[in-house]
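What follows is the residue order along each chain.
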Amino acid sequence: MNRTVVVLNGPNLNLLGLREPEIYGRETLDDIRAAVTTRAQSHGVTVDFRQSNDEGELITWIQAARTAAAGIIINAGGYTHTSVAILDALLASSLPVIEVHLSNIYRREEYRHHSYISRAATGVICGLGAHGYELAIDAMAKILDSRKTK
Ligand code: CA2
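A quick note: this is a predicted structure, and the numbers were derived from the prediction, not measured.

**What to know about the packing of helix H3 (residues 55–68) against helix H4 (residues 84–93)**
Okay, so step 1: In the contact formed by H3 and H4, the axes pass within 9 Å of each other and the chain directions differ by 5 degrees. The orientation of H3 relative to H4 falls into the category roughly parallel. For the pair H3 and H4, the contacting residues are Glu 55, Leu 58, Ile 59, Ile 62 and Arg 66 in the first and Ala 85, Ile 86, Ala 89, Leu 90, Ala 92 and Ser 93 in the second.
Okay, so step 2: Grouping the amino acids of the contact of H3 with H4 by side-chain chemistry returns eight nonpolar, one polar and two charged.

**Observations regarding the site of the ligand**
Okay, so step 1: If you check the shell around the ligand, you find 17 residues, and the closest are Asn 75, His 81, His 101, Leu 102 and Ser 103.
Okay, so step 2: In this structure, an oxygen atom belonging to the ligand sits 3.5 Å away from a main-chain N or O atom of Asn 12.
Okay, so step 3: Gly 78 places a polar main-chain atom, nitrogen or oxygen, 3.4 Å from an oxygen atom of the ligand.
Okay, so step 4: Considering the ligand on its own, with 500 Å² of exposed area, one finds that the protein chains cover 94% of that surface.
Okay, so step 5: Its residues assigned to classes, the shell around the ligand comprises seven nonpolar, seven polar and three charged.

**What about the nonpolar core?**
Okay, so step 1: By size, the foremost hydrophobic cluster in this structure holds 25 residues, and its most contacted members are Val 7, Ile 32, Val 36, Phe 49, Ile 73, Ile 98 and Tyr 133.
Okay, so step 2: Counting residues per element, the ones that place at least two in this core are strand S1 (4–9), helix H2 (29–42), strand S2 (46–51), strand S4 (97–101) and helix H5 (131–148).
Okay, so step 3: It is H5 that contributes the most residues to this core, seven residues altogether.
Okay, so step 4: When sequence neighbours within four positions are dropped, the list of residues in contact with Ile 98 reads Ile 72, Ile 73, Ile 74, Gly 123, Ile 125, Ala 136, Ala 139, Met 140 and Ile 143.
Okay, so step 5: Judged by nonpolar contacts, the second largest core, of 21 residues, contains Ala 65, Ile 72, Ile 74 and Ala 121.

**Some thoughts on H4**
Okay, so step 1: Among all positions of H4, only Ile 86, Leu 87, Ala 89, Leu 90 and Ser 93 are buried. Looking straight down H4, one finds that the buried residues subtend no more than 165 degrees of arc, so they occupy a single side.
Okay, so step 2: Ser 94 sits one or two residues past H4 and shows a positive phi near 60 degrees.

**Focus: the pattern of salt bridges**
Okay, so step 1: Under the criterion given, the structure shown has seven salt bridges.
Okay, so step 2: Between Glu 109 and Arg 108 there is a salt bridge whose closest N-O contact spans 3.8 Å.
Okay, so step 3: Residue class for Glu 109 comes out partly exposed when judged on its relative accessible area of 32%.
Okay, so step 4: Here the salt bridges share partners, and the residues they tie into one network are Arg 39, Glu 134 and Asp 138.

Cut-off values and rules
Residues numbered from 1 in each chain as written. Predicted model: local features only at pLDDT ≥ 70, side-chain atom pairs only at ≥ 80, totals over all residues. Heavy atoms only, no water. Axes fitted to C-alpha atoms, helices over the stretch in contact; angles between N-to-C directions. Helix = DSSP H or I, 4+ residues; strand = E, 2+ residues; numbered from the N terminus. Parallel < 35°, antiparallel > 145°, perpendicular 65-115°, else oblique. Contact = heavy atoms within 4.5 Å. Nonpolar A, V, L, I, M, F, W, Y, C, P; charged D, E, K, R; others polar. Near = heavy atom within 4 Å. Polar contact = N/O pair within 3.5 Å; in protein donor to acceptor, adjacent residues only side chain to side chain. Areas by Shrake-Rupley, 256 points an atom, 1.4 Å probe, with all protein chains shown as cover. Core = buried A, V, L, I, M, F, W, Y, C linked by side-chain atoms within 4.5 Å. Buried < 20%, exposed > 50% of the residue type's maximum accessible area, 1.4 Å probe, protein only. Arc of directions from axis to C-beta. Salt bridge = Lys/Arg side-chain N within 4 Å of Asp/Glu carboxyl O.

Limitation: the analysis is restricted to geometry and does not speak to function.
Right, dumping it as structure tokens:
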């Protein structure tokens, strides 16, 4: 069974660790990639970790995941709060989706309280910083395990 999980990161997440550490933490996206890859290995899961500032590119990757991956973990960045197109792509993928946010979006500005992505998500993790990505890998591995026998 395919145990590849695509981990997608949206706009500005390439700046992690360089600015606003009080909100997003001190870890860089490369640090998160390394932690997620190690955690995934412990579950026998392969990670395809990507970042783009471009909505269309994220959608292309979601469409490709439909045939290449078993699940999607996504932090869509600011597109979380604006993109029906990313929601549509996630729904069309028919894959389990876990939505991750570094910050607790519900403690922040009102416009961050609504996520279009959540409607396609099996689960949502927010406010736990980079650790949230590792928790998402744990959860996705469990989802994939539960499908083995079905
Ligand atoms: O908390 C999260 O993970 C967010 O998805 C991050 C997005 C924000 O628009 C969402 O509301 C919540 C922003 C990512 C920008 O990341 C930066 C990192 C360092 C410096 C500046 C921006």
